[in-house]
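Residue-level structural notes
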Amino acid sequence: MHKHRNTLHHGDCLPFLESLPEGSIDALITDPPYGSGGLHLSARQQPVKSKYQQSNTKRQYPLFDGDARDQRAHLRWSVMWLAECARTLKPGAPICVFSDWRQLPLTTDAIQAAGFTWRGVAVWDKTERGRPAMGRFRAQAEYVVWGSKGPMQTSRRADALPGVYRIAGRQADKHHLTGKPTELMRAIVRICPPGGIVLDPFAGSGTTLVAAQLESRDWLGCEASAEYVGIARERIAAAERLSAHPA
């Protein structure tokens, strides 16, 4: 039994990852800070609220740190935490790392530099609710860069997953400035075999951990923001009650 199983840690992800035993995790599924929000460094260094919150959104979300690195720093940092994840994962374990279009090339480089085998990119189609701009394509998609720790057996007890997920976000289901829909994360955690441990070192409001709980996977998370840790723990507790007494 993994001593950290079903635990959300509050703190920086690197010391947390360093504390985990080697070869003990079944899947990495995470949505790290993108360090994005613009074409140039000056745009990336804007406050996260101005980068990610639409002007017509009335709800206020807690802010978060770590989203203003330049490209070189972001790549270096990404390789650091991904390399620690590689150490903790079992051979053949899958990884799924979210990215936007700006950081997509960097993310594919980072997972390979950390020692993973890059296997493809899945698409989250956010539907036509994505921000429109006349004469331009909508900002309608984000991406899941996925791969594995070395060879990946097709005989694993896991589903065949779609390459595109068309799922609209709902305000009632959004608890973080850059939060993903619970429905989306429930679908993605199925790449982990039932009963396996899903690792998310950037837990945010806990959606990946909630999804794992609801899909009968164990989970392990880390989050630097105390406010988001509180939100995540409340949501996880609700998911635990629901999974214990399904409708």
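Our structure's up above, just so we're on the same page.
Keep in mind that what you see is a predicted model, and the values were worked out from it rather than measured.

On to the environment of alanine 239. Within the secondary structure, alanine 239 is located in helix α8 (residues 226-244). The sequence separation of alanine 239 and leucine 209 amounts to 30 residues, and the corresponding C-alpha distance is 9.2 Å. When sequence neighbours within four positions are dropped, the list of residues in contact with alanine 239 reads Val210, Gln213 and Leu214.

Next up on the list: the pattern of salt bridges. Following the criterion strictly, the structure yields 11 salt bridges and no others. Arginine 186 is the partner of glutamate 215 in a salt bridge, and the nearest nitrogen-oxygen pair spans 2.7 Å. Residue glutamate 215 is found in the loop between α7 (207-214) and β8 (218-223), and its partner arginine 186 is found in helix α6 (residues 182-188); the two are separated by 29 residues along the sequence. The shortest N-O distance in the salt bridge between arginine 190 and glutamate 215 comes to 3.2 Å. With arginine 190 in the loop between α6 and β7 (197-200) and glutamate 215 in the loop between α7 and β8, this pair connects stretches of sequence that are 25 residues apart. Note on glutamate 215: relative accessible area 12%, which makes it buried.

Attention shifts here to the nonpolar core. Core analysis: the largest hydrophobic core is formed by 31 residues, its most contacted members being Leu8, Ile29, Phe98, Leu184, Met185 and Ile188. Elements supplying a minimum of two residues to this core: β2 (27-30), β3 (94-99), β4 (117-125), α6, α7 and α8. Element by element, the count of residues in this core is highest for α7, at five residues. In this structure leucine 184 touches Phe98, Trp124, Tyr165 and Ile167, once residues within four positions along its chain are discounted. Among the nonpolar cores identified, the runner-up in size contains 27 residues, and Leu82, Leu89, Phe116 and Leu220 belong to it.

Before going further, it helps to spend a moment on the side chain of arginine 235. Tracing the backbone through its elements, the reader meets arginine 235 in helix α8. Overall, the relative accessible area of 13% leaves arginine 235 in the buried class. A distance of 3.3 Å separates the side chain of arginine 235 from the side chain of threonine 182, its partner in a polar contact. From its side chain, arginine 235 meets the backbone oxygen of serine 205 in a polar contact 2.9 Å long.

This part is about α7. Among the eight residues of α7, eight are classified as buried, and the element is accordingly described as predominantly covered. Among the residues of α7, those classed as buried are Thr207, Thr208, Leu209, Val210, Ala211, Ala212, Gln213 and Leu214. In this structure, the buried residues of α7 make contact with β1 (7-10), β2, α6, β7, β8 and α8. Within two residues after α7, serine 216 carries a phi angle of roughly 65°, on the positive side.

Reading the values: rules and limits
- Residues numbered from 1 in each chain as written.
- Predicted model: local features only at pLDDT ≥ 70, side-chain atom pairs only at ≥ 80, totals over all residues.
- Heavy atoms only, no water.
- Helix = DSSP H or I, 4+ residues; strand = E, 2+ residues; numbered from the N terminus.
- Contact = heavy atoms within 4.5 Å.
- Salt bridge = Lys/Arg side-chain N within 4 Å of Asp/Glu carboxyl O.
- Buried < 20%, exposed > 50% of the residue type's maximum accessible area, 1.4 Å probe, protein only.
- Core = buried A, V, L, I, M, F, W, Y, C linked by side-chain atoms within 4.5 Å.
- Polar contact = N/O pair within 3.5 Å; in protein donor to acceptor, adjacent residues only side chain to side chain.

All quantities given are derived from atomic positions and should not be read as evidence of function.
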